[in-house]
Structure formats: structure tokens, C-alpha cells
Amino acid sequence: MAERSVVITGAASGIGAATAARLAAAGWRVIGVDKDECDIVADLGTTEGRRHAVEAAAARCSGTLAGIVTCAGKAGLPGRAGSEVSGVNYFGTVDVLEGLRPLLDAGGAAVAISSNSTTVQPAVPADVVEACLAHDEERCARLADAHGSVAAYPATKLAVAHWVRREATGPGWAGAGRRLNAVAPGMIDTPMVAEMRAHPEAGPLLDLLPIPVGRPGRPEEIAALIEFLLGPDAGFFCGSVVFCDGGSDAVLRTRDWPATWDIARRDFPA
Ligand SMILES: NC(=O)c1ccc[n+]([C@@H]2O[C@H](COP(=O)([O-])OP(=O)(O)OC[C@H]3O[C@@H](n4cnc5c(N)ncnc54)[C@H](O)[C@@H]3O)[C@@H](O)[C@H]2O)c1
């Protein structure tokens, strides 16, 4: 079988590292991107870094890819600027996906990482979501800074989920035989969560999240789902946001989803 190349952002740690290891073991040629110590070193929080990541990945894959996985992200923490989080979480995701999309073979697939914070964290600021979806990075940074990164985090992840649902069905993705989906992990035992646990204000809040299976998730469990979504058995997945969270969303919002269709409400032009 011809070698399949996959670009994975955030490949140096946590979910990205577990995905890189799993896909490499399955015979994929992995091209990792991270802010240090990776195949491609790039700061995806900046326009320049995103451009560099796309150009360097294109050069390394000789112009064709079978997969893209965008794991790079930063947690919201008291004291951390909201724009630091929105830059990498949203713009570092969609700019890499759009930049690499032309290289994705027909039959290729991309997986973006959203989060169950989109539905289990209260008071997600809608203005940050809208600024993201309008691709107005300056306005988004201003709003995210005003709200702070703790509130901005789920907004960036909600915007990723909505962007995936909006774009996946269009001509550049489904219309060109390319599949785009998202995974929304719950609390996963990674260095990101360790960083939050170590924070005196954020740490205790983590224990408020109910996890019906009785433990945090493992990065390998998310990696397995990502591998499935990239592969041929997931050929009917298009624009899905797959929650994998040990039951947190189901227990907190049992009847909220599936949501019935209010025909009077149209989110996007036909
Ligand atoms: N761990 C969780 O509980 C959890 C839950 C839901 C969603 N997520 C999301 O999953 C993804 C992976 O998170 P993780 O838990 O593995 O965290 P992690 O901190 O272990 O890994 C994140 C990686 O992203 C990289 N990164 C951060 N900023 C970057 C930048 N500006 N440019 C390039 N790379 C950058 C980091 O260097 C790191 O290698 C993130 O998008 C995160 O928001 C995590």
C-alpha cells in the first residue's frame, strides 16, 4: 500500500503525541507540528507560524496528504490572556486545515479537536464564537482578552465545532471527497490537565465535573477514535462532532441532545 502521510499539530504532547504514536505504528508517515521539538516547529498562535507550518508540511509530504489532525491547543487559566488561547485553539486550527486542504487527497480525512467544555461549561461568550466564525482575529483577540482565557477556551472550541459543521458539507470538503469531523474530548489525563490541576484556582474546579465512568480519559482512547475517523470505515462521517467524555455531557444535559429541528431558525444560508 502507498505510504499515507498525516500532519498532526500539537504532536509533541498529550492527545497529539498519542495519535502520532498510534498512526506511526499503523504505518502512517507522521509529520508533527508543535511549538518546539517536533518535525516542524511553528507557533500556531501567529499568522506567520501558521503559514510556516503549512509550507513546511507541504514540502515534507511532497504535495499530498491522506490525513490532517489538529490537536495543538492551550487551556484557559486564570491569569492567561484570552487571545493566547484563541490564537492557537481556533485560528491555529482552521488556518492549518484550510491551508492544507488542497493537499488532502480525495478520500482523505481531517479531524479537529473541539471539547466537551462547549456544552458542560456554563456562560460561554457568544461574541467570541461569532468573531471566530467571522474569521476576525483582531476582534476575537480583543473580546477574548476582555472575557479572559477561562471563558474564552470553550468559546474557541465551540467555534471549532461549528466551523467543522459549516465547512464539512461544502464544496471544498465533502464536495471534493474530503471528510472533515471533530472530536470533543472530556477530561483527558494529559499535561494540559496536569497544568490546570496544579493551578490553585483552576485545580479544585476540575473535581466539580462529573465523569460517570469514574475516571478521566486516556490520550490513547482519543487517539483510537481519531484513527477510526481518519480511516475508510468512517466513510459516512461528515461534519460530526463526536463526544468522547466518559458520560459528562450525557449526565449533565441528558435531554438537550439530540436537539429537534426548529424549522423557523436557519443558521446558514441555503
Ligand atoms: N486534555 C483534556 O482534558 C482536553 C479536553 C478537551 C479538549 N482538549 C484539547 O485537546 C487538544 C490536545 O490537548 P492535550 O490535552 O493533549 O494538551 P497538551 O498540552 O498535552 O498538548 C497540546 C500541544 O499543543 C501544543 N501547542 C500549544 N500551543 C501551541 C502553539 N502556539 N503552536 C504550536 N503548538 C502549540 C503544545 O506544545 C502541546 O504539545 C487541545 O486542543 C485541547 O484543547 C483537551
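For the structure, see preceding data.
Student: For this particular structure, what's the right way to read helix 2 (residues 47-60)?
Tutor: Because an α-helix packs 3.6 residues into every turn, residues spaced three or four apart end up facing the same way. Compared with the 20 Å implied by 1.5 Å per residue over 14 residues, the 20 Å span of helix 2 between its first and last C-alpha is a close match. All of the buried residues along helix 2 are Gly-49, Arg-50, Ala-53, Val-54, Ala-56 and Ala-57. Buried residues along helix 2 sit in contact with strand 1 (5-9), strand 2 (29-34), strand 3 (40-41), helix 3 (82-100) and helix 6 (137-147). Directly beyond the C-terminal end of helix 2, a positive phi value near 55° is found at Ser-62.

Student: When you look at the packing of helix 2 against helix 3 in this model, what are you seeing that I'm missing?
Tutor: In helix packing, the relevant descriptors are the interaxial angle and the interaxial distance, both defined with respect to the helix axes. In the contact formed by helix 2 and helix 3, the axes pass within 10 Å of each other and the chain directions differ by 35°. The hand of the helix 2/helix 3 crossing is right-handed. Listed contacts from helix 3 to Arg-50, Val-54 and Ala-57 of helix 2 are Gly-87, Phe-91, Gly-92, Asp-95, Val-96, Gly-99 and Leu-100. Partitioning the contact of helix 2 with helix 3 into residue classes produces five nonpolar, three polar and two charged.

Student: Looking at this structure, I do not really get the nonpolar core. What am I missing?
Tutor: Soluble globular proteins tend to bury their nonpolar side chains together. The biggest cluster of nonpolar side chains holds 41 residues, and the ones touching the most others in it are Leu-44, Leu-65, Tyr-90, Leu-97, Leu-100, Trp-163 and Leu-180. Looking at this core, the element that brings in the most residues is helix 3, giving seven residues. Filtering out sequence-adjacent residues up to four positions away, Leu-100 remains in contact with Val-7, Val-54, Ala-57, Leu-65 and Ile-68. Within the second largest apolar cluster, 22 residues are counted, among which are Ile-15, Val-69, Ile-226 and Ala-234.

Student: Any chance you could explain the site of the ligand here in plain terms?
Tutor: In the vicinity of the ligand lie 29 residues, with Ser-13, Ile-15, Asp-34, Tyr-153 and Thr-190 positioned nearest. A distance of 2.8 Å separates a nitrogen atom of the ligand from a polar atom in the backbone of Leu-44. Within the contact set of the ligand, an oxygen atom lies 2.5 Å away from a side-chain nitrogen or oxygen of Thr-190. Considered on its own, the ligand offers 820 Å² of accessible surface; in the complex 92% of this is hidden by protein. Counting only elements with at least two residues in the shell around the ligand, the list comes to helix 1 (14-25), helix 7 (149-168) and helix 8 (191-197). By residue class, the composition of the shell around the ligand is 15 nonpolar, nine polar and five charged.

What counts, and at which threshold
Residues numbered from 1 in each chain as written. Predicted model: local features only at pLDDT ≥ 70, side-chain atom pairs only at ≥ 80, totals over all residues. Heavy atoms only, no water. Helix = DSSP H or I, 4+ residues; strand = E, 2+ residues; numbered from the N terminus. Expected span 1.5 Å × (residues − 1). Buried < 20%, exposed > 50% of the residue type's maximum accessible area, 1.4 Å probe, protein only. Contact = heavy atoms within 4.5 Å. Axes fitted to C-alpha atoms, helices over the stretch in contact; angles between N-to-C directions. Left-handed = near helix turned anticlockwise from the far one by under 90°. Nonpolar A, V, L, I, M, F, W, Y, C, P; charged D, E, K, R; others polar. Core = buried A, V, L, I, M, F, W, Y, C linked by side-chain atoms within 4.5 Å. Near = heavy atom within 4 Å. Polar contact = N/O pair within 3.5 Å; in protein donor to acceptor, adjacent residues only side chain to side chain. Areas by Shrake-Rupley, 256 points an atom, 1.4 Å probe, with all protein chains shown as cover.

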